Amino acid sequence: MCGIVGYVGKRPAQSILLDGLKKLEYRGYDSAGIVVCDKGQLHLEKTLGKIENLERAIKNKNWQSTLGMAHTRWATHGKPSDRNAHPHTDCKGELVIVHNGIIENYQKLKQALQKKGHQFKSETDSEVIAHLIEENYRGDLGAAVRQSLSRLEGTYGIAVIHVKHPDVLIAARKGSPVVIGLKENEHFVASDVTPLVSHTKDVIYLEDGEIAEITPSSYHISTINNEKREPAINHVEWEIAEAEKQGYDHYMLKEIFEEPDAARNAMLGRVIPEEGLAHLGGLNMNDDEMREVKRIVIVACGSALYAARAGEYMIEKYADIPVEVEYASEFRYRDPVIDQGTLVFAISQSGETADTLAAMKEAKRKGARVLGIVNVVGSTIARESDGGTYIHAGPEIGVASTKAFTGQLTILAILALQFGRLKNMPFSTGQKLVKELKTIPQKIESILEQDKAIKQLAESYAQYKNFFFLGRGANYPIALEGALKLKEVSYVHAEAYPMAELKHGPIALIDRNFPSFVIVPKDSYYEKNISNVQEIKARDGRMIAVATKGDSNISNLVDEVIYVPKTLDLLIPLLTVVPLHLFAYHLAVALKRDVDKPRNLAKSVTVE
Ligand code: AGP
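Residues numbered from 1 in each chain as written. Predicted model: local features only at pLDDT ≥ 70, side-chain atom pairs only at ≥ 80, totals over all residues. Heavy atoms only, no water.

Take the sheet that holds strand β1 (residues 3-8) next. Strand order in the open sheet formed by eight strands is β3-β2-β4-β1-β10-β9-β11-β14, and the pairing between neighbours is antiparallel. Each edge of the open sheet carries a strand with a single partner, namely β3 (41-48) and β14 (234-235). Pairing geometry for β1 and strand β4 (residues 67-73), over six bridges, is antiparallel. Looking at β4, one finds that Val 5 is bridged to Ala 70. Packing of helix α1 (residues 13-24) onto the sheet brings it into contact with β1, β2 (31-38), β4 and β10 (186-190), and relative to β1 it is tilted by some 155°. (Pairing = 2+ DSSP bridges. Helix = DSSP H or I, 4+ residues; strand = E, 2+ residues; numbered from the N terminus. Contact = heavy atoms within 4.5 Å. Axes fitted to C-alpha atoms, helices over the stretch in contact; angles between N-to-C directions.)

Here it is as structure tokens:
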């Protein structure tokens, strides 16, 4: 969602900010804006649509100011427009803010400020922050920001500039991430590390309720009550090249091709083949505590939720622990039962998803130990959980989650192994599982070799308006993931069902123009799945099968087959998902969609 980048230093800010905005594009946005502060004057430009529009609008400005900030907006309050884009100024045009998050009490504050004569220019909730700071400003910008923030309800990550403080940038956070980038004689502010890594790897993640006052040569972190903080400086491991396309047409394709590495990295140093064991260090639980877990609840959204659902099958089978997977967005509303033996996992690529965070807080409130399975290092979920594990998939830029999904599945398989071996799983099963897990990256690579064929297949299906995705057992969540991916990036309608559910109603839709993806590997459900395939065939349904290499029978029943290598039943999702990711990508490209930034979507959904 919205993105922030700010700079104070010795170099002209304009190009640093524009470059930073481009790195934030992946978050999803509908308008963009920039402001620099020069010799007691603000220079501000805001445009609807792509960053290129903004770039064009300021092309000849050549501002030399060394202080500025920029923003990409994803509309919540007020439609996307130049006027509603950030930055927002106060009445005098002396003070300017950018804001991520939602101010819940903005209407009340706005009315009070209007009564005092403040003139509002936008329909946003954010603008109220500028006017509130203006109202409280008596010459000390830090004090005015503090006083104003104490009046806000909701969430914010903000940055503030005032013309009377030409080398000061103030940033603050409550519920919406803010990172400070440190470098000699220059400092940065951003909503995540992506725009920072090309300048510096040393960062401070602001905590909720903290304010940073930064100048070119200093940074001062304190709380909203003005208590000084000594923050930890973190070193970002990501290389800038990891966040670039590296010759691929789209990030999504690059990231699908990184799925073998995502599986590899998630396993690295965590499985012990000779002992058939796994060990995820960051869980902060000893073996006895793990043995005492009686029930696992997993909260997540979107693809992360589907990974969790596949993980549910793995953990229940291998570790014999009941697992419930809950939509994070619904978790709070159903008064979930959390007892002593319940362990909660929150799965999130970004680590910033507001619904997942809220579910996690609710679980903690009820006394649960909450562990995170997260990709983005230093993200809120990673920091606010009681422990957990990083999937180490590297930066995922495409809005559609692909390699993170594979990383999440791998971690869930490792968890199943770790819990399983602490309970009843025999050594031989553990060894077999580790051995097979180790082959997964290579097996994914062999699927990726079929990219050309899958591209052709997707192109030949680009005219269809509806698809079913069908799977059984742990492949039902993969069907859900396949349908979600197709909808997200191609805007083609797709629905997923458990294979056998089709005959309970949806089969009425089947005809030659309604193709189905049937995930029918040679697992213990094969015969049952084939019966369902026969039912679709009997109704003249068009089918694409994802099947196990060597299954020659299947091609007599369906129109197209994509083969995946053989593996253990519960690891099959790690393979069957790959062709579905490729199919969604190529179909979207065939339809000329904006694959990496699909309409209406944001990479990290930071509002509930
Ligand atoms: C997946 O392709 C989506 N873009 C989306 O469903 C995503 O998985 C969901 O919003 C959760 O995000 P998170 O993993 O960052 O928490």
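When the UniProt feature table is mapped onto this chain, "domain: SIS" (unreviewed entry) is found at residues 286-425 and 457-598. Structurally, residues 286-425 is divided into 46% helix and 20% strand, and its ends, taken at the C-alpha atoms, are 18 Å apart. For residues 457-598, the helix share is 36%, the strand share is 20%, and the end-to-end C-alpha distance is 22 Å. (UniProt positions renumbered as here; feature names shortened; annotations may be inferred.)

Attention now goes to the environment of Glu 501. Along the chain, the position of Glu 501 falls in the loop between β23 (493-498) and β24 (516-520). Judged by its relative accessible area of 38%, Glu 501 falls in the partly exposed class. For Glu 501 and Leu 470, which are 31 residues apart along the polypeptide, the C-alpha to C-alpha distance reads 8.9 Å. (Buried < 20%, exposed > 50% of the residue type's maximum accessible area, 1.4 Å probe, protein only.)

A separate point is the domain arrangement of the protein. The domain boundaries assigned to the protein delineate domain 1 (3-236), domain 2 (241-447) and domain 3 (450-608). Just the C-alpha atoms count here: the centres of domain 1 and domain 2 sit 34 Å apart. Tallying the contact residues gives eight residues for domain 1 and 10 residues for domain 2. Carbon and sulfur atoms make up 52% of the surface buried where domain 1 meets domain 2, a total of about 780 Å² over both sides. Sorting the residues of domain 1 by area buried against domain 2 places Tyr 26, Arg 173 and Tyr 205 first, and these three jointly supply 54% of that buried surface. (Domains from an automatic or database assignment. Buried area = accessible area lost by both parts, 1.4 Å probe.)

Looking at the ligand, there are 14 residues lining it, with Ser 348, Gln 349, Ser 350, Thr 353 and Glu 488 nearest. Within the backbone of Val 399, one N or O atom sits 2.9 Å away from a nitrogen atom of the ligand. Within the complex, the protein chains bury 91% of what would otherwise be the 410 Å² of accessible surface of the ligand. At a threshold of 2 Å from the grid points, most atoms of the ligand map onto the largest pocket. Put simply, the parts of the chain that give the shell around the ligand at least two residues each are α9 (302-319) and α16 (475-490). Tallied by class, residues from the shell around the ligand come to five nonpolar, seven polar and two charged. Looking at the shell around the ligand, you find at least three residues from each of domain 2 (241-447) and domain 3 (450-608). (Near = heavy atom within 4 Å. Polar contact = N/O pair within 3.5 Å; in protein donor to acceptor, adjacent residues only side chain to side chain. Areas by Shrake-Rupley, 256 points an atom, 1.4 Å probe, with all protein chains shown as cover. 1 Å grid on protein atoms, 1.4 Å probe; cavity = no way out; pocket = protein on both sides within 12 Å on 5 of 7 lines; lining within 4 Å. Sits in = over half its atoms within 2 Å of the grid points. Nonpolar A, V, L, I, M, F, W, Y, C, P; charged D, E, K, R; others polar.)

The next thing to look at is the packing of aromatic side chains. For the structure on display, the rule yields 11 aromatic pairs. On the basis of an interplanar angle of 35° and a centroid distance of 5.7 Å, the ring pair of Tyr 248 and Phe 257 is categorised as tilted. Taken together, the ring pairs in this structure connect Tyr 461, Tyr 464, Phe 467, Phe 469, Phe 517 and Phe 583 into an aromatic cluster. Geometry around Tyr 526 places Lys 522 over its ring, the cationic atom sitting 4.5 Å from the centre. (Phe/Tyr/Trp six-rings, centres within 6.5 Å; stacked < 30°, edge-to-face > 60°. Lys NZ or Arg CZ within 6 Å of the ring centre and 35° of its normal.)

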